[in-house]
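Each chain, written out:
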Number of protein chains: 2
Amino acid sequence: MTQPPESRPGRTIRSVEIAFSIIDALERRDGAGVTELADRLDHSKSTIHSHLRTLEELEYVVRKGDEYRLSLQILGMAEHVRDQVGNYDVIEEEVDALADETGEIAQFGIEEHGQVTYLHKASGEQAVETASSVGAQQPIYATALGKTILTFLPPERIDEIVSATEFVAHTSHTITSPEKLYDEIETIAERGYGIDDEENIAGLRCVAAPVKSESEILGAVSISGPKSRFTDDRIHDELPEFVTRAANVIELNTKFS
Amino acid sequence: MTQPPESRPGRTIRSVEIAFSIIDALERRDGAGVTELADRLDHSKSTIHSHLRTLEELEYVVRKGDEYRLSLQILGMAEHVRDQVGNYDVIEEEVDALADETGEIAQFGIEEHGQVTYLHKASGEQAVETASSVGAQQPIYATALGKTILTFLPPERIDEIVSATEFVAHTSHTITSPEKLYDEIETIAERGYGIDDEENIAGLRCVAAPVKSESEILGAVSISGPKSRFTDDRIHDELPEFVTRAANVIELNTKFS
DNA sequence: CCCGCTGGTTCCCCACGCGGGAACAGGTTT
DNA sequence: AAACCTGTTCCCGCGTGGGGAACCAGCGGG
């Protein structure tokens, strides 16, 4: 209707995109009104209005006076989504234990859309807080989790992901070329665990181990901490042991779904 | 296109409804293929296909081989949604404490779309498991939480909700008429807490107390347990004290957002 | 008190996007 | 190799969704 210049990467439905852009806007600001959304998303008020009405009807959105916000129904969806992943309970348990033992941040993540998505996160005693949290996404090439998962993906999927990735440097250590990434993958494949040495956040190091089931990679576990505690020795000795042990436990207890 | 018989309760967007029916289907079954969805939802494969493609593009859905399933991005949304509610942390803390003290199930719920939606749930030691969980919805007239929240809503909203409700009897104790419900509301208003005496699930009793902020009702806290432990005395003495105390703490620590 | 402003809601029209059917492409089974 | 599965693509026609403007309701200030 408005976008003839856009064309043929397979059909995509405009109204649905609008609907989700509304949801997205409602999510990032905590609720909003019709006019505000109309301005922000550059659509007529009537358009926004009928979308909001639809979403309200579907109970994904609630109206409180003149403000619309997302409904708690999302929480229910999240529960389901979590349950459909391998054995979430085991993952939660082991990640928590790992954070506890080490005192650092422990996380579990999987690959989606060529990025890492965190499924669970636990903070130990001395954990430095990072921005990332459950459901958040991070670049696959700049995280121990991502690179580790990548390594154990089927080769064609690796290529697919890598070729679709734009490398942006988060720190001076960030991997910024496919070649280096492929090298890194090889290294990880050999030694069995992945390392992020301040590649995503300055001062932060991470170690990650893969979780596999039937030769298929499910995700990876990691611990993250400040360079000061993640010394050169620990990072190649003690810490890999921790994460691989956790990964193994998860593997064993995960009845592949 | 297919539904001329349907008409004018305000405009509602068909494509969006389809998109969400797909999401819903993906949620309840853990992923599905195009054909399966097409049959189930009674749409052509091509329709489903372009919707799935759109959702995939938007990263709400991931394709794994020939199966589509919801992405973990939902988890991120859920986090946001939770945070936008009053002070979730306090609620969590108090509900957990309540479950701990009493050994039973403690819950916090709010009203949405004329129903109760659970925001948090904690199980104590001896807790009997109920089906309900976070994000789930229950009828407002058949739960202690619901009736309690209802009581403190503005009168016009009460009428609105009540007149829109269909009463279905879950047990022989279920309130099934607006009149009785209004009576119950009055009772709750007087004594300050609500009771569900096997009105939703046989054998299960609940006690709930309102959480208000600036005279506006935010939600309610409840504990649920078997009739055997929730005796006639306790249910009007000890248990109300527990829940009102928890409710008060939440009230005090909730900086209204 | 009224008038201008805010915001949400409704109405209607028109073009174009979307849903559907059918044809296509791959893979697996018989 | 033919019959069947999938998922995917193509194309067409119609009804629907997006936009603009008109319409309200509430608010505040001149």
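In this text the structure is predicted, and so the values were computed from the model without any measurement.

## Remarks on the relation of the copies chain B and chain A
Note on the chain copies: they are related by a rotation about an axis and a translation along it. In screw terms, the move from chain B to chain A is a rotation of 180° and a rise of 0.0 Å along the axis, fitting with an RMSD of 0.1 Å. Here the two chains are linked by the operation of a two-fold rotation axis. Across chain B, the smallest distance between a C-alpha and the rotation axis is recorded for B:Val16, namely 2.7 Å. Comparing interface residues between copies, 100% of those in chain B also sit at the interface in chain A, which points to an isologous, same-surface contact.

## With respect to the sheet that holds strand S8 (residues 216-226) of chain A
Residue and element names in this part refer to chain A. Strand order across the open sheet formed by six strands is S5-S4-S3-S8-S7-S6, with antiparallel pairing between neighbours. Bordering the open sheet on either side are strand S5 (137-139) and strand S6 (194-197), each of which pairs with just one other strand. Pairwise comparison of adjacent strand axes, ignoring direction, gives a mean angle of 30° for this sheet.

## Some details on the nonpolar core
Side chains of nonpolar character tend, in soluble globular proteins, to be buried together. Formed by 104 residues in total, the largest nonpolar core has its most connected members in A:Leu26, A:Leu52, A:Phe108, B:Leu26, B:Leu52 and B:Phe108. If near-sequence neighbours (up to four positions away) are discounted, B:Leu26 is found in contact with A:Gln84, B:Gly31, B:Ala32, B:Leu37, B:Leu52, B:Val61, B:Tyr68 and B:Leu70.

## Digging into the interface of chain B and chain A
Contact residues are listed per partner, giving 54 residues for chain B and 54 residues for chain A. Between chain B and chain A lies a buried interface of about 5000 Å² when both sides are counted; carbon and sulfur atoms form 65% of it. At the junction of chain B with chain A, the criterion picks out four salt bridges. Between A:Glu216 and B:Lys64 there is a salt bridge whose closest N-O contact spans 3.1 Å. Joining chain B to chain A, the criterion identifies 17 residue pairs in polar contact (both at pLDDT 80 or more).

## Observations concerning a negative patch on the surface
On the surface, A:Asp30, B:Asp83, B:Asp89, B:Glu93, B:Asp96, B:Asp100 and B:Glu125 cluster together into a negatively charged patch. In terms of residues, the negative patch owes the most to one element, helix H5 (residues 88-102) of chain B, which gives four residues. By the secondary structure assignment, A:Asp30 is in the loop between helix H1 (14-28) and helix H2 (34-41). A:Asp30 gets classed as partly exposed once you look at its relative accessible area, which sits at 48%.

## Points about the environment of A:Thr54
Within the secondary structure, A:Thr54 is located in helix H3 (residues 45-57). Classification of A:Thr54 by relative accessible area gives buried; the value is 0%. Counting along the chain gives 35 residues from A:Thr54 to A:Ala19, while the straight-line C-alpha distance between them is 9.0 Å. Ignoring any residue separated from it by four or fewer positions in sequence, one finds A:Thr54 in contact with B:Arg11, B:Thr12, B:Ile13, B:Val16 and B:Glu17. A distance of 2.9 Å separates the side chain of A:Thr54 from the backbone nitrogen of B:Ile13, its partner in a polar contact.

## Observations concerning the environment of B:Glu67
All names here are of chain B. Note on placement: glutamate 67 falls in strand S2 (residues 67-70). A relative accessible area of 38% means that glutamate 67 is categorised as partly exposed. Between the C-alpha atoms of glutamate 67 and glycine 31, which are 36 residues apart in sequence, the distance is 6.1 Å. Excluding residues within four positions of it along the chain, glutamate 67 makes contact with Asp30, Gly31, Ala32 and Val62.

## Some remarks on the domain arrangement of chain A
Split into domains, chain A comes out as domain 1 (14-71) and domain 2 (82-253). The C-alpha-based centres of domain 1 of chain A and domain 2 of chain A are spaced at 36 Å.

## Here's the deal with the pairing of strand S4 (residues 115-123) of chain A
Residue and element names in this part refer to chain A. Among the nine residues in S4, seven count as buried, and that is most of the element. Pairing of strand S3 (residues 105-112) with S4 involves eight bridges; the strand directions are antiparallel. Paired with isoleucine 110 across the bridge in S4 is threonine 117. A loop of two residues connects S3 with S4, the two strands running antiparallel in sequence, and histidine 113 in this loop sits at a positive phi of about 55°. Here three bridges tie S4 to S5, and the two strands are oriented antiparallel to one another.

## Digging into the sheet that holds strand S3 (residues 105-112) of chain B
Residue and element names in this part refer to chain B. The strand order S5-S4-S3-S8-S7-S6 describes an open sheet built from six strands, whose pairing is antiparallel. With partners counted over all chains shown, the strands left at the sheet margins are strand S5 (137-139) and strand S6 (194-197), one partner each. Put simply, the sheet's adjacent strands are angled 30° from each other on average, direction ignored.

## Overview of the packing of aromatic side chains
Counting across every chain of the model gives five aromatic pairs over all chains. Here A:Phe20 and B:Phe20 contribute two aromatic rings whose centre-to-centre distance is 5.3 Å and whose plane-to-plane angle is 20°, an arrangement assigned as stacked. Taken together, the residues A:Phe20 in helix H1 and B:Phe20 in helix H1 (residues 14-28) connect one chain to another. Of the two residues, A:Phe20 and B:Phe20, neither departs from the other in class, the shared state being buried.

## Remarks on the pairing of strand S1 (residues 61-64) of chain B
All names here are of chain B. Bridge count for S1 against S2 is four bridges, and the pairing is antiparallel. By the bridge assignment for S2, arginine 63 is matched with tyrosine 68. Once S1 ends, the chain turns through two residues before running back antiparallel as S2, passing glycine 65 with a positive phi of about 65°.

Cut-offs and rules
- All residue numbers refer to position in the chain's written sequence, counted from 1.
- The order in which chains are written sets their letters, starting at A; the order in which ligands are written sets their numbers, starting at 1.
- Per-residue local features of the predicted model are confined to residues with pLDDT of at least 70, and side-chain atom pairs are confined, for both listing and counting, to 80 or more; whole-chain, interface and lining totals are unaffected and use all residues.
- With hydrogens and water stripped out, all remaining heavy atoms of the structure feed into the side-chain values.
- Fitting of the copies onto one another was done by least squares over C-alpha atoms, counting residues only where both copies have pLDDT of at least 70.
- Every residue pair with non-hydrogen atoms within 4.5 Å of one another is taken to be in contact.
- Pairing between two strands is assigned when DSSP locates at least 2 bridges connecting them.
- For helices the rule is a DSSP run of H or I covering at least 4 residues; for strands it is a run of E covering at least 2, with both sets numbered from the N terminus onward.
- Fitted lines through C-alpha atoms serve as axes, helices being fitted only where they are in contact, and the angles separating the N-to-C directions of these axes extend from 0 to 180 degrees.
- The definition of a nonpolar core used throughout is a set of buried Ala, Val, Leu, Ile, Met, Phe, Trp, Tyr and Cys residues joined through side-chain atoms within 4.5 Å.
- Only protein chains enter the accessibility calculation, which uses a 1.4 Å probe; a residue whose area is less than 20% of its type maximum is buried, one above 50% is exposed, and one in between is partly exposed.
- Buried area is calculated as the accessible area (1.4 Å probe) missing from two parts once they are joined, with the contributions of both summed.
- Salt bridges, as used here, are contacts in which a Lys or Arg side-chain nitrogen is within 4 Å of a carboxyl oxygen on Asp or Glu.
- As used in this structure description, the phrase polar contact means that two N or O atoms lie within 3.5 Å; if the pair is within protein, one of them must be able to donate a hydrogen and the other to accept it, and residues adjacent in sequence are counted only when both atoms belong to side chains.
- Put simply, a patch holds well-exposed residues, over 30% relative accessible area, that have no salt bridge, with like charges counted together within 9 Å and Val, Leu, Ile, Met, Phe, Trp or Tyr side chains within 5 Å.
- Here the accessible surface of atoms and residues is derived via Shrake-Rupley with a 1.4 Å probe, and residues count as covered only by protein chains that are part of the display.
- Asp and Glu count as negative and Lys and Arg as positive, but His and the ends of the chain are not part of the count.
- A charged residue contributes its charge at one atom only: NZ of Lys, CZ of Arg, CG of Asp or CD of Glu.
- For each domain, the first and last residues come from an automatic or database assignment.
- Side-chain rings of Phe, Tyr and Trp, where Trp is taken by its six-membered ring, are said to pair if the distance between their centres is within 6.5 Å; with planes under 30 degrees apart they count as stacked, over 60 as edge-to-face, and otherwise as tilted.

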